Amino acid sequence: MAQLGNEDLEAFLAALAPRLRVAVIHGGDKTVPGAVLQQTPNCRPWRSYATVAGAIGRSLEQLGFRDVVLLPDDRNLPARLEAERIQLAWLNTGGMQGRDPMAHAPALLELLGIPYIGHDPLNASRLDNKHVFKRELQALGLPTAPFVVWAPSRGTYEAEGPEARSAFGDYAGPFVVKPVSGRASVLVDVVANRLELPAAVERVHSAMRSAALVEPYLPGREFCVSVGGPVACRGRRLFQADGPLAFSALERLLDADEPIFTSMDQRPITAERARALAPEEAALREELFDLARQIYRGFDLEFLVRVDLRMDAAGRLMVLEANPKPDLQHGNGAVNLTTLGISDQGMDYDDLVMGLVAERLQRALLGRDLGHPQLVAIESIVKAAAVAEAPRS
Ligand SMILES: Nc1ncnc2c1ncn2[C@@H]1O[C@H](COP(=O)(O)OP(=O)(O)OP(=O)(O)O)[C@@H](O)[C@H]1O
Ligand SMILES: [Mg+2]
């Protein structure tokens, strides 16, 4: 695979950073006057993610970007992007309202022709719809618990129907019921037996107006692992792995009375709630890394995901989901599960951000994206400067 040398890419980044106008985009708020033409329900529990966008923006500034603004992904986004003359966007948004909100911002940027760091609309959607993601995992031969997806149009869930029979056989419970597009364990319900499933499915339908996912409760240990593209950064120096780079393999620590990991809305994520896998657990860590890399390749991803997994009763790893916009809180003591274990690669938060920017730029420079005129033009402007300015060690 063709690659740019690390030093060339570093030089290009150094020359580009002070010149490029960047927007970090977070979720718009539909209740703000003028944000939408008409308010509609949320098919994904809403959050603005503005604080995290601020942390990403501060990190970009640390890395030398001088022109960074935060923008909400509402109706005014195209005008704001034009007014601010934005040349590159970083997507840290789950959308504002309606169906498939995770795909709205990337679809809009595709439409406008502005390059972005984040998943394309199709990947944003298929990662954010757990049933679609799980079907593709099955097609790729990757491990995930059997499941039934039940749309509101199907009416009452048929706990003894053919789909349930085929997915679960004689398994009697417990089950987990959750929205297909969720976040932070919102509306994730542990259900003791089949009899209780129709009511739990109905709860998801009425709250989200979208399909519910039913799967067996996996009683084993819980893990997460992050994975991004091969271009990454350690101590502010770029390096390129042979393939997708998996890192931060953690076990999530649940209290004895905690059947599922309650996410940030209920309990803040703290360093005590997860632990990096120990050196003597190298085989398990490799298994997690390997699954993460297979997902990155199998879905042809172009941006970071955090894969969540749990073990079944037999101790086999099952993929729960891959988060298309993993939480990247940082600063003021905040902890996130992607950078909590990142020191296993000798990396820190700013390294992660720099690597993600470099990964995106490399794709542009190698002509592996749509050849956005903005980046191509900037490339020609800074190429000469980059050669002159580059620190050569
Ligand atoms: N089949 C399952 N068996 C056991 N626990 C589960 C199962 N599915 C989900 N959970 C629990 O619920 C939590 C949230 O589920 P999941 O990760 O699928 O959805 P989410 O709400 O999108 O999560 P996140 O907080 O990662 O955004 C998991 O971390 C896990 O503790
Ligand atoms: Mg999860």
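Refer to the structure printed above.
Residues numbered from 1 in each chain as written. Chains lettered and ligands numbered in written order. Predicted model: local features only at pLDDT ≥ 70, side-chain atom pairs only at ≥ 80, totals over all residues.

Participant: How would you summarise the site of ligand 1 if you had to cite specific residues and measurements?
Facilitator: Of all residues adjacent to ligand 1, which total 21 residues, the nearest are Gly-182, Leu-218, Ile-260, Phe-261 and Ser-263. Among the secondary structure elements, those contributing two or more residues to the shell around ligand 1 are strand 6 (175–179), strand 14 (305–311) and strand 15 (317–323). Element by element, the count of residues in the shell around ligand 1 is highest for strand 15, at three residues. Shared between two domains, the shell around ligand 1 holds at least three residues of each, these being domain 1 (146–216) and domain 2 (220–352). (Near = placed C-beta within 6 Å. Helix = DSSP H or I, 4+ residues; strand = E, 2+ residues; numbered from the N terminus. Domains from an automatic or database assignment.)

Participant: Account for the nonpolar core, with residues named and values stated.
Facilitator: Counting residues in each nonpolar core, the largest one holds 107 residues, and the members touching the most others are Val-22, Ala-89, Val-177, Val-214 and Val-307. Top contributing element to this core by residue count: helix 10 (residues 349–365), with eight residues. Apart from residues lying up to four places away in sequence, Val-214 is in contact with Phe-147, Val-148, Trp-150, Phe-175, Val-177, Leu-197 and Val-201. (Core = buried A, V, L, I, M, F, W, Y, C linked by C-beta atoms within 7 Å. Buried ≥ 20, exposed ≤ 12 C-beta atoms within 10 Å, placed from the backbone. Contact = placed C-beta atoms within 7 Å.)

Participant: Explain the packing of helix 1 (residues 6–16) against helix 10 residue by residue, including any values.
Facilitator: Axis separation between helix 1 and helix 10 bottoms out at 10 Å; the angle between their running directions is 105°. With respect to their mutual orientation, helix 1 and helix 10 come out roughly perpendicular. The segment helix 1 lies against helix 10, with Leu-9, Phe-12 and Leu-13 engaging Val-357, Ala-358, Leu-361 and Gln-362. (Axes fitted to C-alpha atoms, helices over the stretch in contact; angles between N-to-C directions. Parallel < 35°, antiparallel > 145°, perpendicular 65-115°, else oblique.)

Participant: Tell me about unusual backbone geometry, and name the residues and values.
Facilitator: With an omega of 0°, the peptide bond running from Gly-173 to Pro-174 counts as cis. Assignment of secondary structure puts Pro-174 in the loop between helix 7 (162–168) and strand 6. Its identity is not glycine, yet Tyr-49 carries a phi of approximately 55°, on the positive side. Phi is positive for Arg-85, close to 50°, though the residue is something other than glycine.

Participant: Can you lay out the sheet that holds strand 6 for me, pointing to particular residues and giving the numbers?
Facilitator: If you walk across this open sheet you meet the four strands as 5-8-6-7, and the pairing is antiparallel. Strands at the two margins of the open sheet, each flanked by one partner only, are strand 5 (148–150) and strand 7 (189–191). The mean angle between the axes of side-by-side strands here comes to 25°, regardless of whether they run parallel or antiparallel. As paired strands, strand 6 and strand 7 are joined by three bridges and run antiparallel to one another. Bridging across to strand 7, Val-176 finds its partner in Val-190. Sheet contacts for helix 8 (residues 197–208): strand 5, strand 6, strand 7 and strand 8 (212–216); angle to strand 6, the most-contacted strand, approximately 15°. (Pairing = 2+ DSSP bridges.)

Participant: Explain the packing of helix 2 (residues 50–62) against helix 10 to me, using residue names and the numbers behind them.
Facilitator: Helix packing for two helices is described by the angle between their axes and how far apart those axes are. At their nearest, the axes of helix 2 and helix 10 sit 9 Å apart, and the two run at 85° to each other. Here helix 2 lies roughly perpendicular to helix 10, going by the angle between them. Side by side, helix 2 and helix 10 meet where Ile-56, Ser-59, Leu-60 and Gln-62 of the first sit next to Tyr-349, Asp-350 and Val-353 of the second. Among the residues forming the contact of helix 2 with helix 10, the class breakdown is four nonpolar, two polar and one charged. (Nonpolar A, V, L, I, M, F, W, Y, C, P; charged D, E, K, R; others polar.)

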